[in-house]
Amino acid sequence: MFGLFGSSSGASADVDLMPWSTEYEIGIKMIDDDHRSLFETANHLNRSVKKREGHKVIEATFNMLMRYIHEHFAREEQLMLQSDFPGLEDHIRLHSIFMNAFFSTKQSYTAAPRAFDFDGFLKFLKNWLEHHVLVEDPKYVPHVQADKH
Ligand SMILES: [Fe+2]
Ligand SMILES: [Fe+2]
């Protein structure tokens, strides 16, 4: 847990945590743009951590990521609501479970930044976002797109 600022993880600041690729595109431009920004902000946070930037810098990026995710979820939920997507409730549940976990993780970082397990958090963030973008978000796409025609 305390090895995160050491060399044991072998992680480099030059390697992106979440490189963007077209496989993540779901075909709705507004959402793809959002997802891309989220990936970039996660990469930014990862770089700040690996470069051992100061607590204030890391916290600002952490907050920015939290705000972006929150805003993105709201946009996505609005889109699903407008098209009467039947999976809306389940999807909202996934978003809020994640948002709550993110928020309390952020609080534990603020309370004790030196003890914070960034390796574990970044791994969780990457896994959750990738799974959500590849598996959960595509579920509403046909519905939202059909509604436009
Ligand atoms: Fe989503
Ligand atoms: Fe999304």
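So, here's what we can say about the structure. None of these values were measured; they are calculated from a predicted model.

Reading guide: rules and limits
- Within each chain, residues carry numbers counting from 1 in the order of the written sequence.
- Chain letters start at A and ligand numbers start at 1, both assigned in the order the entries are written.
- Whole-chain, interface and lining totals are the exception, using all residues; otherwise, since this is a predicted model, local features are given only for residues with pLDDT of at least 70 and side-chain atom pairs are given and counted only at 80 or more.
- Here a helix means four or more residues in a row that DSSP labels H or I, a strand means two or more in a row labelled E, and each is numbered from the N terminus.
- Here the globule rule reads 2.2 Å times residues to the power 0.38, and the radius of gyration is calculated from C-alpha atoms.
- Partly exposed residues are those whose C-beta has more than 12 but fewer than 20 other C-beta atoms within 10 Å; with 20 or more the residue is buried, with 12 or fewer it is exposed, and the C-beta atoms are placed from the backbone.
- The contact criterion used here is simple: two residues whose C-beta atoms, placed from the backbone, lie within 7 Å are in contact.
- Expected span of a helix: the number of residues minus one, times 1.5 Å.
- When buried Ala, Val, Leu, Ile, Met, Phe, Trp, Tyr and Cys residues are joined through C-beta atoms within 7 Å, the set is termed a nonpolar core.
- The axes used here are C-alpha line fits, helices contributing only the stretch in contact, and every angle between their N-to-C directions lies in the interval 0 to 180 degrees.
- When describing relative orientation, an angle under 35 degrees is termed roughly parallel and one over 145 degrees roughly antiparallel, while 65 to 115 degrees is termed roughly perpendicular and anything else oblique.
- Working rule for handedness: look at the near helix, and if it is turned counterclockwise from the far one by less than a right angle, call the crossing left-handed; if clockwise, right-handed.
- Residues are grouped as follows: Ala, Val, Leu, Ile, Met, Phe, Trp, Tyr, Cys and Pro are nonpolar; Asp, Glu, Lys and Arg are charged; every other residue, Gly included, is polar.

Details of the overall build of the chain
Within the chain, the regular secondary structure consists of five helices and zero strands. Order of helices (α) and strands (β) in the chain, N terminus to C terminus: α-α-α-α-α. Taken over the C-alpha trace, the chain has a radius of gyration of 16 Å; the compact-globule value for 149 residues is 15 Å, and the two agree within 12%. Across its three principal axes, the chain shows a C-alpha extent of roughly 55 × 30 × 20 Å. Burial status across the chain gives 16% buried among its 149 residues. Of the contacts formed within the chain by residues at least 6 apart in sequence, a portion of 73% connects residues at least 24 apart.

Some remarks on helix H2 (residues 55-82)
In this model H2 runs 41 Å from its N-terminal to its C-terminal C-alpha over 28 residues, within 8% of the 40 Å that 1.5 Å per residue would give. Looking at the packing, one finds that the buried side of H2 touches helix H1 (29-50), helix H3 (88-111) and helix H5 (141-148). Two residues or fewer after H2 comes Asp-84, characterised by a positive phi angle close to 55°.

A look at the nonpolar core
Judged by nonpolar contacts, the single largest core of 14 residues is most densely connected at Ala-42, Leu-45, Leu-65 and Phe-118. Going through the elements one at a time, H1, H2 and helix H4 (118-136) are the ones with two or more residues in this core. Aside from chain neighbours lying at most four places away, what touches Leu-65 is Thr-41, Ala-42 and Leu-45.

Brief notes about the environment of Leu-125
Looking at where Leu-125 falls in the secondary structure, it is placed in helix H4. Residue classification places Leu-125 among the buried residues on the basis of 23 C-beta atoms within 10 Å.

What about the packing of H3 against H4?
At their nearest, the axes of H3 and H4 sit 12 Å apart, and the two run at 165° to each other. Judged on the interaxial angle alone, H4 and H3 are roughly antiparallel. Here H3 runs over H4; the crossing is left-handed. Counted together, His-91, Leu-94, Phe-98 and Thr-105 of H3 and Phe-121, Trp-128, His-132 and Glu-136 of H4 form the full contact between these two elements. When grouped by side-chain class, the residues that make up the contact of H3 with H4 number four nonpolar, three polar and one charged.

Section: the environment of Glu-136
Examined against the element boundaries, Glu-136 turns out to sit in helix H4. Look at Glu-136 and you get partly exposed, because 15 C-beta atoms sit within 10 Å. Linking Glu-136 and Asp-90, residues 46 residues apart in sequence, is a C-alpha distance of 9.9 Å. Dropping the residues within four chain positions of it, Glu-136 is found in contact with His-91 and Leu-94.

Here we look at the packing of H2 against H3
It is at 11 Å that the axes of H2 and H3 come closest, and there the two elements cross at 170°. Put simply, H2 runs roughly antiparallel to H3. For the pair H2 and H3, contact is made by Glu-59, Phe-62, Met-66, Ile-69, His-70, Phe-73, Glu-77, Met-80 and Leu-81 and by Leu-88, His-91, Ile-92, His-95, Met-99, Phe-102, Lys-106, Tyr-109 and Thr-110, respectively. Classifying every residue of the contact of H2 with H3 gives 11 nonpolar, four polar and three charged.

Here we look at unusual backbone geometry
Residues other than glycine seldom take positive phi values, yet Arg-52 does so here, at roughly 55°. Here Arg-52 lies in the loop between H1 and H2. Exposure remark for Arg-52: the 11 C-beta atoms within 10 Å place this residue in the exposed category.

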